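# Residue-level structure breakdown
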Amino acid sequence: MDYIFFSSLRGSDLERLVVSYDIVCQWHLNLRTRMLQYPHELHISSSILHVTFLIPKFHLPAHIEECNLLYSFNLTKGVARTDGEAPERGWANINPLAQSTKEMGPGNRRDTIDDFFNDWNWKKIIKFGPSMLKKIQEAARCSNEHKEALDELEAVIPKDVVKSWTAEVELWEKDPAKKNPYRTTVKELSESAVRLKLAEEAARTEADRGEIEISHEMHASTIIANGITIQEEQHRLLLEKEGLGDHPTTTQLYKLTERSNQLRRKIALWIEAQATVMPEASHHRRSKSQTTIEGTPGVQVYDIELWLPSKLATKKTLVDRQFRLFEWQLRHGQAHDALDEIRNALRLQAYLYKHKDRYASGVKANTRSNTAISKATDMVKEGSRKYRIARDALLTLAHTGIEIPVDWASNLRPLRDEDCRKLSEGLVGDTEGRRTVSWIWFHFPAAAEQAEDPRLNDALRIEWCRSRARSMRWIEEVELLQEEMRRIRQFLRWDEDQWMARAHKRSPPDITVKEGSTAYALSQGTLRRKLRERFEETWKEVPHMLEFFSQAHLVDTVDA
């Protein structure tokens, strides 16, 4: 490998060199020392000032975490979207040749393989037109998308923090020996700390079941707030009933019945208080034969409709505007609280998966880890449910004429299942260079949470660095593709001139041979010219397309 590498650089006057090799993390060690064992003419030229060693993207995941930080194409400035796997792709085309060449002699076998690779290369050349167009269209679109994603992420981070992180990552890009901003600096949670967080969450849920003080003198906003709390208790009771299974014990049924009776009494008191400020609710309750103070027999306590303003907003008679505004404000806070619960559960889930991969060994440890992961997943689902209920109520109330912020829906977007993913996780099938951060991480009080939680600060810094790297690689890809397209045109023009020159230089003594060689050279030169003209026709709209994407991003930036 050393001899091949040094021979390939013989006579090179490059200034910067990027070396991609499957095991470069080991191979590049002491490379200069080994170089001294070879003749001087094979030594690396002094004109090469910078040498960067990287591992191809397909092979990198098999390496340790340290290699993923030091030898990644995705994190290296100036390499665009290069993956380092191009030399490997030809083998897929050559594999079927094995059956044909295994019984050939050495010379015939080598000629046959050369013919196949020449065919492979020629096919690549004639397909440069559509393939380069497809690549630059994708690069232009993705560069815009990732720049917008980076801007959206930076909007929730204080500007001085972004400035500090930028200086840190730029310093590392100039000198990789400096502190690596992609490396975590905060100690991970211990197993006991994770168990404590899960126990605290369970305790908080139990505490929410406490008695609510309900009286006729309560303010309308308090009545509505208590109604929202009762809704959550109804859902928890339903989950508890569904969790009993097909054969519950007598004790389990007794506890469920007792809690149902407590909640029914609580709802009855709440309905009395609601009737004093929202008589419309009593009217609809009577019309639907719903619960009275004692509760209608046959109606399960978790099915009792509370008729909050958001439910009545769809009816012909609207409740007081002030009551609708009270619920809108409470639901707005509930939606943000639900997003906080989702984010916290996802961060806990990310640690649990990492802890399981590293330390869980054996049935007992794996079962314990799976139980903890299941609890964290349930927390994500519960937060998602609360958020969707809150947002549906917000949407209903927003169309009733109350005065609310016009941009609330841009911060509280529709929540899909795929949106509930970890900070460093993309959609299914996304690679590191293509993934984006879920919107749920964009709208939260970043400065306050950073101060309180150093782990969030550390994770946010790493994800910002990676988002910046993704955006830069796509921008570089657009620039690199434009340069490659220019070089393709220039090469075909040069190759055309070479063939035309050959047509007039060669003068074989045999007139027949001369005519044949001249005709062949002229046909090859014409072929290059037609290829170049066809590529230029295919790419003629590229400058307008790039200008359009540039202007579109400029408009988005100004609007923001």
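The model shown is predicted, which means the values in this text are computed figures rather than measured ones.

Residues other than glycine seldom take positive phi values, yet Asn 30 does so here, at roughly 60 degrees. A positive phi angle, close to 55 degrees, is found at Ala 80, a residue other than glycine. Here Ala 80 shows up in the loop between helix 4 (65-70) and helix 5 (86-94).

With that out of the way, let us pick up the packing of helix 11 (residues 220-242) against helix 12 (residues 250-277). Where helix 11 meets helix 12, the axes come as close as 11 Å, and the angle between the chain directions of the two elements is 160 degrees. The pairing of helix 11 with helix 12 is recorded here as roughly antiparallel in orientation. Note that helix 11 runs across helix 12; the crossing there is left-handed. In this structure, helix 11 uses Ile 223, Asn 226, Gly 227, Ile 230, Glu 233, Gln 234, Leu 237, Glu 240 and Lys 241 to contact helix 12, whose residues at the interface are Leu 256, Arg 259, Ser 260, Leu 263, Lys 266, Ile 267, Trp 270, Ala 273, Gln 274 and Val 277.

Grouped together as the largest cluster of nonpolar side chains are 43 residues, with contacts concentrated most on Ile 157, Tyr 182, Ile 342, Tyr 387, Ile 440 and Trp 464. Within the residue set of this core, elements represented by two or more residues are helix 8 (128-154), helix 9 (159-174), helix 15 (321-359), helix 16 (363-398) and helix 19 (454-505). Counting residues per element, this core draws most heavily on helix 15, at 7 residues. Once residues within four sequence positions are removed from consideration, Tyr 182 is found in contact with Leu 69, Leu 75, Val 169, Trp 172, Ile 462, Cys 465, Arg 466 and Ala 469. In terms of nonpolar packing, the next biggest core, distinct from the first, is built from 26 residues, Ile 223, Trp 270, Leu 308 and Phe 323 among them.

A cluster of nonpolar side chains, Trp 122, Ile 126 and Leu 527, forms an exposed patch at the surface whose accessible area comes to about 210 Å². Within the secondary structure, Leu 527 is located in helix 20 (residues 511-538). Relative accessible area serves as the criterion here: at 34%, Leu 527 is assigned to the partly exposed category.

Scanning the entire structure with this criterion turns up 14 aromatic pairs. Pairing Trp 328 with Trp 408 gives two aromatic rings, centres 6.0 Å apart and planes at 90 degrees, and the pair type is edge-to-face. Highlighted residues: Trp 328 in helix 15 and Trp 408 in helix 17 (residues 408-411), separated in sequence by 80 residues. Of the two residues, Trp 328 and Trp 408, neither departs from the other in class, the shared state being buried. Here the aromatic residues Phe 5, Phe 6, Tyr 21, Trp 27, Tyr 38 and Phe 53 are joined through ring pairs into a cluster of three or more. Above the plane of the ring of Trp 499 lies Arg 502, whose end atom (NZ or CZ) is 4.5 Å from the centre.

Before going further, it helps to examine the packing of helix 9 against helix 19. Between two packed helices, what matters for the description is the angle formed by their axes and the separation of those axes. Two elements in contact, helix 9 and helix 19, have axes whose closest approach is 11 Å; the angle formed by their N-to-C orientations is 60 degrees. Classified by the angle between their axes, helix 9 and helix 19 sit oblique to one another. Seen from above, helix 9 lies across helix 19 with right-handed handedness. Of helix 19, the residues touching helix 9 (which contributes Val 162, Trp 165, Thr 166, Glu 168, Val 169, Glu 170 and Glu 173) are Asn 457, Leu 460, Arg 461, Trp 464, Cys 465, Arg 468 and Met 472. When grouped by side-chain class, the residues that make up the contact of helix 9 with helix 19 number 7 nonpolar, 2 polar and 5 charged.

What follows is about helix 13 (residues 279-287). For helix 13, the set of buried residues is Ala 281, Ser 282, His 284 and Arg 285. The buried side chains of helix 13 occupy one side of the element, clustering within an arc of 165 degrees when seen end-on. Where helix 13 is buried, its residues touch helix 12 and helix 14 (309-312).

With that settled, consider the side chain of Glu 496. Position of Glu 496 among the secondary structure elements: in helix 19. Not counting residues up to four positions away in its chain, the partners in contact with Glu 496 are Gly 525, Arg 528, Arg 529 and Arg 532.

Attention shifts here to the pattern of salt bridges. Tallied over the entire structure, the rule returns 36 salt bridges. Across the pair Arg 532 and Glu 496 runs a salt bridge whose closest N-O atoms are separated by 3.2 Å. Placement of the pair is Arg 532 in helix 20 and Glu 496 in helix 19, with a sequence separation of 36 residues. Put simply, Glu 537 and Lys 540 hold a salt bridge, and the shortest N to O gap is 2.8 Å. A residue is classified by how much of its surface remains accessible, and Lys 540, at 46% relative accessible area, is partly exposed.

This part takes up the environment of Ala 220. Here Ala 220 shows up in helix 11. Residue classification places Ala 220 among the buried positions, given a relative accessible area of 9%. For the pair Ala 220 and Phe 323, spaced 103 residues apart in sequence, the C-alpha separation works out to 6.9 Å. Look past the residues within four positions of Ala 220 in its chain and what remains in contact with it is Phe 323 and Phe 326.

Tracing the backbone through its elements, the reader meets His 235 in helix 11. The residues touching His 235, leaving out its near neighbours within four places in the chain, are Glu 382 and Arg 385.

Under the criterion given, the structure shown has 0 disulfides. No disulfide involves Cys 67; its nearest neighbouring cysteine sulfur is the one of Cys 25, lying 3.9 Å away. Exposure remark for Cys 67: the relative accessible area of 8% places this residue in the buried category.

This next bit is on the confidence of the model for the chain. The share of residues in the chain with pLDDT of 70 or more is 88%, and the mean pLDDT across the chain is 84. Low pLDDT, under 50, characterises residues 290-296; the predicted model gives this stretch 18 contacts beyond four residues in sequence or across chains. This model gives residues 446-451 a pLDDT under 50, and the stretch forms 14 contacts once residues within four places in sequence are excluded.

In strand 1 (residues 16-20), alternate side chains face the same way, and those of Leu 17 and Val 19 are buried while those of Arg 16, Val 18 and Ser 20 on the opposite face are not. Bridge analysis of strand 1 against strand 2 (residues 50-54) gives 5 bridges, and the strand direction is parallel. Opposite Leu 17, over in strand 2, you have Val 51 as the bridge partner.

About the thresholds
- Residues numbered from 1 in each chain as written.
- Predicted model: local features only at pLDDT ≥ 70, side-chain atom pairs only at ≥ 80, totals over all residues.
- Heavy atoms only, no water.
- Helix = DSSP H or I, 4+ residues; strand = E, 2+ residues; numbered from the N terminus.
- Axes fitted to C-alpha atoms, helices over the stretch in contact; angles between N-to-C directions.
- Parallel < 35°, antiparallel > 145°, perpendicular 65-115°, else oblique.
- Left-handed = near helix turned anticlockwise from the far one by under 90°.
- Contact = heavy atoms within 4.5 Å.
- Core = buried A, V, L, I, M, F, W, Y, C linked by side-chain atoms within 4.5 Å.
- Buried < 20%, exposed > 50% of the residue type's maximum accessible area, 1.4 Å probe, protein only.
- Patch = residues over 30% accessible without salt bridge, like charges linked within 9 Å, V, L, I, M, F, W, Y side chains within 5 Å.
- Areas by Shrake-Rupley, 256 points an atom, 1.4 Å probe, with all protein chains shown as cover.
- Salt bridge = Lys/Arg side-chain N within 4 Å of Asp/Glu carboxyl O.
- Phe/Tyr/Trp six-rings, centres within 6.5 Å; stacked < 30°, edge-to-face > 60°.
- Lys NZ or Arg CZ within 6 Å of the ring centre and 35° of its normal.
- Nonpolar A, V, L, I, M, F, W, Y, C, P; charged D, E, K, R; others polar.
- Arc of directions from axis to C-beta.
- Disulfide = S-S within 2.5 Å.
- pLDDT = per-residue confidence, 0-100.
- Pairing = 2+ DSSP bridges.

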